[in-house]
Amino acid sequence: MENKELIRDHMLQQAELLLNLSREVATKETLDDVLTTLVEISNSEIGGERGSLFLNDPKTNELYSRIQQGNDYREIRILNSSGIAGYVFTHGKGTIIEDPYNHEHFNSSVDEHTGYLTKSILCAPVKTVKGQVIGVAQILNKKVGCFTKEDLNLLEAMSTQAAIALQTAQMIEEVESSRKQELRFMELVANITGEIDLNTLLQKVMGEASRMLNAERSTLFLNDEKNKELWSVVGKGLDAVDIRFPNHLGIAGNVFINNKTVNINYAYADLRFNPAFDKQTGYFTRSILCVPVVNEKGATIGVTQVLNKKGGLFTEEDESRLKAFTAQVSVALENAKLFNDVQNMRNYSESMLESMSNGVITLDDDGRITTCNRAALNLFGVKLIDIQSKYADKYFVGNNAWIIQKMRNVEGSSNSELLVDAKLEFGEKTLSVNLTILPLVSVENEKLGTMIMIEDISSEKRMKSTMSRYMDPEIADQLMKGSEDALGGRSMVASILFSDVRNFTTLTEELGAQGTVTLLNEYFTVMMECIQKEGGMLDKFIGDAMMAAFGIPLKHDDDEDRAVRTAISMIRSLQTFNSVSSKNRRKQIEIGIGINTDTVVSGNIGSPKRMDYTVIGDGVNLAARLESACKQYSTRILISEFTARKLRGSYRMREIDQVLVKGKTKPVGIHEILDYHTDETFPNLMETLFYFQAGRGFYLKGKWDKAIESFNDALQLQPTDQLSQTYVDRCRKLKETPPQGEWDGVWIMKEK
């Protein structure tokens, strides 16, 4: 009788749990909230360390889940047939796995990337009341004991109870996503249809088509009725390339001639596909969606082609969206073509007006100089009377005679010619210029002569050369194109990297002045390549130390990762550098690196006679403290918790301490980056990290003996792990002289 009452009470408790679960998830407004709530409740009730819930996406045949990072959610996707989750989803049956690493379907790569050790798995399908499997719920590592059949039944019951809420939230999210797509569609159409410059319009249409369909590339080809060619402009500015081919060739020609959409899943398996462009560019075309562009009169005026859908193949929905898009922009395209024709007819007057800030020379059809503006006269260092009415081939002589040949090319082809960073010499003065030669024609298409436009880039080139010594040349290019405000005082978030050479005083004593300078120059050259490769800015050299900034003066979405990747590259490059030095019997260099992310102030700082573009602030000081702390912790790369929290990539790292650095009132978490290690330099790395983290856990609880035992286990796997030995010594001292008051695990760093 007593057993029946216990069973009844248990059933009532479970029923109440499921009822409460239904109520709880019913109050959530978004799918993310429903997922989070279900995972938290199921994980709590069953007693696992971690939990996750994957839902099926029938469009892509993927299982997806979302994890919270700060205020945002990051989506994880896997094939719905891979791993244990995929196995459970495919077979629709739950499972308990006590030894994952020996299970045929277990994927250990996640553990290897995160440092987490999966010991046991409870995995159940998420089924509707009708038995349809819509996802998978998963609990890892039961805290007490092992997962039981009762745990599996409970997880399945909870998942089924929440299935309706999950489906409802999915439907709401899909409707909201569709609504946002429609709004975005209307916005981009409005943005595009207002453009009247043809080249700009082409670039906008191609860019928006790629984003809209999540494709790698897209191209809009317009029909040239006169020459029976499909043409487009790929790239912008000086990199723009005019593409033309007969309007009946290839996939695009087939779509244009037949006025029918073509959707090819495997391009190389289709006989209509021409692989010549791939061979020429090194690009690999996988899938193609190509639709005709039809105007209001029903005439086909071109085609839009998108290549390589990311994460799958182009669908019927993609075809419909692209057709609707091209239908909306066809009117804008014809207007832009008309405007482009008008602009060509007004080429002479417009070019003159737009080029007055540069040097402008016009010549008549006989090659005689007719006009020369003030900017050109200043460049040449002559007066108008000295040049006007002279034949060009009598003036542009010697090292400048190449201009005459270029003019003849333009006269013969009627196409303009652009020369970038060309050299002109006038007496002892040498100029770096961008030079454009244009044919001048009348409305009746009669030749009127030639125009030469000259842009002096001498000072700009010198400035760019100087800036490129401190930052990536591409960043220097962007700054040169921007305003002077980029170098003014600004407060912004950046990642600061400090590095310093160890035992530098000893090196200088052994090498002498000349040897030290030679070694440092070679070392700094290698380190600078690592910084510039990731788009960082060298702030300054401080003796044997370097300071670099990421996110200044131009910000990237992944500046924290760029800083960490730079540090890893610096250590690896230094290993190669030292290997060469060892062969040449030269001294080897060891360095420490500290990275911190914080709000800093950047700008030109100094006096009117001497200015430096630099960064200042507490964030800079903390990066320097972390570099110095590398000595105390026997590490090479330390990053602050502020940097670690913002990292997007996965790195092999461990949290090594909570420290109170000098000048700070709040403790800061610090982490060690270990990705520069190989299996040879740090064998058993992940296992060592497992025991180290266990030791840290006991250390923070003040359980000194257990902490020492775990750190010694780490040392048995990796005897050279000095950090584990440091904690063994620290725990022994704390055991002998226990800390006063409540132990919080914070270590006070007395050295700078």
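So, how was this worked out
- Residues numbered from 1 in each chain as written.
- Predicted model: local features only at pLDDT ≥ 70, side-chain atom pairs only at ≥ 80, totals over all residues.
- Heavy atoms only, no water.
- Helix = DSSP H or I, 4+ residues; strand = E, 2+ residues; numbered from the N terminus.
- Buried < 20%, exposed > 50% of the residue type's maximum accessible area, 1.4 Å probe, protein only.
- Contact = heavy atoms within 4.5 Å.
- Areas by Shrake-Rupley, 256 points an atom, 1.4 Å probe, with all protein chains shown as cover.
- Salt bridge = Lys/Arg side-chain N within 4 Å of Asp/Glu carboxyl O.
- Patch = residues over 30% accessible without salt bridge, like charges linked within 9 Å, V, L, I, M, F, W, Y side chains within 5 Å.
- Core = buried A, V, L, I, M, F, W, Y, C linked by side-chain atoms within 4.5 Å.
- Pairing = 2+ DSSP bridges.
- Axes fitted to C-alpha atoms, helices over the stretch in contact; angles between N-to-C directions.
- Phe/Tyr/Trp six-rings, centres within 6.5 Å; stacked < 30°, edge-to-face > 60°.
- Lys NZ or Arg CZ within 6 Å of the ring centre and 35° of its normal.
- Expected span 1.5 Å × (residues − 1).
- Arc of directions from axis to C-beta.
- Parallel < 35°, antiparallel > 145°, perpendicular 65-115°, else oblique.
- Left-handed = near helix turned anticlockwise from the far one by under 90°.
- Nonpolar A, V, L, I, M, F, W, Y, C, P; charged D, E, K, R; others polar.

**Student:** Would you take a moment to explain the overall build of the chain for this structure?
**Tutor:** A tally of regular secondary structure across the chain gives 23 helices and 26 strands. Taking all 752 residues of the chain together, the buried fraction comes to 44%. Expressed as a percentage of contacts within the chain between residues at least 6 apart in sequence, the contacts between residues at least 24 apart total 58%. Working note: accessible area of the chain is about 40700 Å², and carbon and sulfur atoms make up 50% of it.

**Student:** Where do I start with the pattern of salt bridges in this structure?
**Tutor:** Where charged atoms of side chains with opposite charge meet at close range, the side chains can pair. According to the stated counting rule, one finds 19 salt bridges in the structure shown. Salt-bridge contacts for Asp 224 lead to Arg 244; the nearest nitrogen and oxygen are separated by 2.9 Å. Residue Asp 224 is found in strand 7 (residues 215–224), and its partner Arg 244 is found in strand 9 (residues 241–246); the two are separated by 20 residues along the sequence. For Arg 244, a relative accessible area of 38% corresponds to the partly exposed category. Taking the shortest distance from any N to any O, the salt bridge between Arg 502 and Asp 500 comes out at 4.0 Å. One exposure class covers both Arg 502 and Asp 500, and it is buried. Residues participating in the shared-partner salt-bridge network are Glu 534, Asp 558, Arg 562 and Arg 565.

**Student:** Help me out: how do you make sense of a nonpolar patch on the surface in this one?
**Tutor:** Together, Tyr 101, Leu 117, Phe 690 and Tyr 691 make up a nonpolar patch on the protein surface, roughly 330 Å² of accessible area in all. With respect to the element layout, Phe 690 can be found in helix 21 (residues 685–700). The class for Phe 690 is partly exposed, based on a relative accessible area of 31%.

**Student:** Sorry, what's going on with unusual backbone geometry here?
**Tutor:** For residues besides glycine, phi is generally negative; the peptide bonds are generally trans as well. The phi dihedral of Asn 308 falls on the positive side, at around 55 degrees, and the residue is not glycine. Structurally, Asn 308 is set in strand 12 (residues 300–309). Looking at Asn 308, the relative accessible area reads 0%, which means it is buried. Phi is positive for Asn 684, close to 55 degrees, though the residue is something other than glycine.

**Student:** Looking at this structure, I do not really get the nonpolar core. What am I missing?
**Tutor:** Here is a general trend for soluble globular proteins: nonpolar side chains tend to be buried in one another's company. Counting 34 residues, the largest nonpolar core has Tyr 523, Ile 589, Ile 591, Ile 593 and Ile 637 as its most contacted members. Contributions of two or more residues to this core are made by strand 18 (490–501), helix 17 (504–533), strand 20 (545–550), helix 18 (559–583), strand 21 (591–607) and strand 23 (637–640). Element by element, the count of residues in this core is highest for helix 17, at nine residues. Sequence-distant contacts of Tyr 523, defined by excluding residues within four places in its chain, comprise Ser 499, Val 501, Asp 544, Leu 574, Phe 577, Ile 589 and Ile 591. Ile 361, Leu 377, Phe 380 and Leu 435 belong to the second-largest nonpolar core, a separate cluster that totals 26 residues.

**Student:** I would appreciate a short explanation of the sheet that holds strand 16 (residues 429–441) in the present structure.
**Tutor:** Note: strands within a sheet are paired through backbone hydrogen bonds, in either parallel or antiparallel orientation. Strand order in the open sheet made by the five strands is 14-13-17-16-15, with antiparallel pairing throughout. At either margin of the open sheet sits one strand with a lone partner, and together these are strand 14 (369–372) and strand 15 (417–426). The mean inter-strand angle of the sheet, taken between neighbouring strand axes irrespective of direction, is 30 degrees. Pairing between strand 16 and strand 17 (residues 447–456): nine bridges, direction antiparallel. Within strand 17, the residue paired with Asn 434 across the bridge is Glu 455. Packing against the sheet, helix 14 (residues 402–413) makes contact with strand 13 (359–364), strand 15, strand 16 and strand 17, and its axis sits at approximately 155 degrees to strand 15.

**Student:** I tried to follow the packing of aromatic side chains on my own but got confused; where do I start?
**Tutor:** Geometry of an aromatic ring pair is reported as the spacing of the ring centres plus the angle between the planes. Applying the stated criterion across every chain yields a total of 14 aromatic pairs. With a centroid separation of 5.7 Å and 80 degrees between ring planes, the pair formed by Phe 692 and Tyr 727 is classed as edge-to-face. Separated by 35 residues along the polypeptide, Phe 692 in helix 21 and Tyr 727 in helix 23 (residues 722–736) bring together distant segments of the chain. Grouping residues by exposure puts Phe 692 and Tyr 727 together as buried. Each member of the aromatic cluster is reached from another via a ring pair, and the members are Phe 692, Tyr 699, Trp 704, Phe 711, Tyr 727 and Trp 743. One Lys or Arg, Arg 50, reaches over the ring of Tyr 116 and ends 3.7 Å from the middle of that ring. For Arg 217, the ring lying beneath its charged end belongs to Tyr 283, and the centroid distance is 3.8 Å.

**Student:** Sorry if this is basic, but what is going on with helix 14 here?
**Tutor:** Note that an α-helix has 3.6 residues per turn; residues three or four places apart therefore point the same way. Given a rise of 1.5 Å per residue, 12 residues ought to cover 16 Å, and the 17 Å separating the end C-alpha atoms of helix 14 matches this to within 8%. The complete set of buried residues in helix 14 reads Ile 403, Ile 404, Met 407 and Val 410. Along the long axis of helix 14, the arc covered by the buried residues comes to 120 degrees, so they all point the same way. Tucked inside the fold, the buried residues of helix 14 contact strand 13, helix 13 (392–395), strand 15, strand 16 and strand 17. Trailing helix 14 by a residue or two, Ser 414 shows a phi angle of about 60 degrees, which is positive.

**Student:** I tried to follow the packing of helix 21 against helix 23 on my own but got confused; where do I start?
**Tutor:** Geometry of a packed helix pair, given as the angle between the helix axes and the separation of the axes. Interhelical geometry of helix 21 versus helix 23 gives an angle of 20 degrees and a closest axis separation of 11 Å. It follows from the interaxial angle that helix 21 and helix 23 lie roughly parallel. As helix 21 runs across helix 23, the sense of the crossing is left-handed. Between helix 21 and helix 23, the residues in contact are Phe 692, Arg 696 and Tyr 699 and Leu 723, Ser 724, Tyr 727, Arg 730, Cys 731 and Leu 734, respectively. Taken together, the residues of the contact of helix 21 with helix 23 break down into six nonpolar, one polar and two charged.

**Student:** So what exactly am I meant to see when it comes to the pairing of strand 11 (residues 288–294) here?
**Tutor:** Successive side chains on a regular strand alternate, one facing one side of the sheet and the next facing the other. The buried fraction of strand 11 amounts to six of the seven residues, a majority that puts the element mostly inside the structure. Two elements, strand 10 (residues 262–264) and strand 11, share three bridges in a ladder whose sense is antiparallel. Within strand 11, the residue paired with Ile 264 across the bridge is Ile 288. Examined bridge by bridge, strand 11 and strand 12 share seven bridges and lie antiparallel to one another. Counted as the bridge partner of Val 294 is Thr 300 from strand 12. Between strand 11 and the antiparallel strand that follows it, strand 12, lie five residues; Gly 298 among them carries a positive phi value of about 90 degrees.

**Student:** Quick question: what am I supposed to make of the pairing of strand 14 here?
**Tutor:** Summarising the sheet, strand 13 and strand 14 pair through three bridges and their orientation is antiparallel. Bridge pairing links Ile 361 to Cys 372 in strand 14. Between strand 13 and strand 14, which follow one another and run antiparallel, lie four residues, and Gly 367 among them has a positive phi close to 85 degrees.

**Student:** I tried to follow helix 3 (residues 83–91) on my own but got confused; where do I start?
**Tutor:** Three or more residues of helix 3 are buried, namely Ile 84, Ala 85, Gly 86, Val 88 and Phe 89. Just past helix 3, the residue Gly 92 takes up positive phi, approximately 70 degrees.

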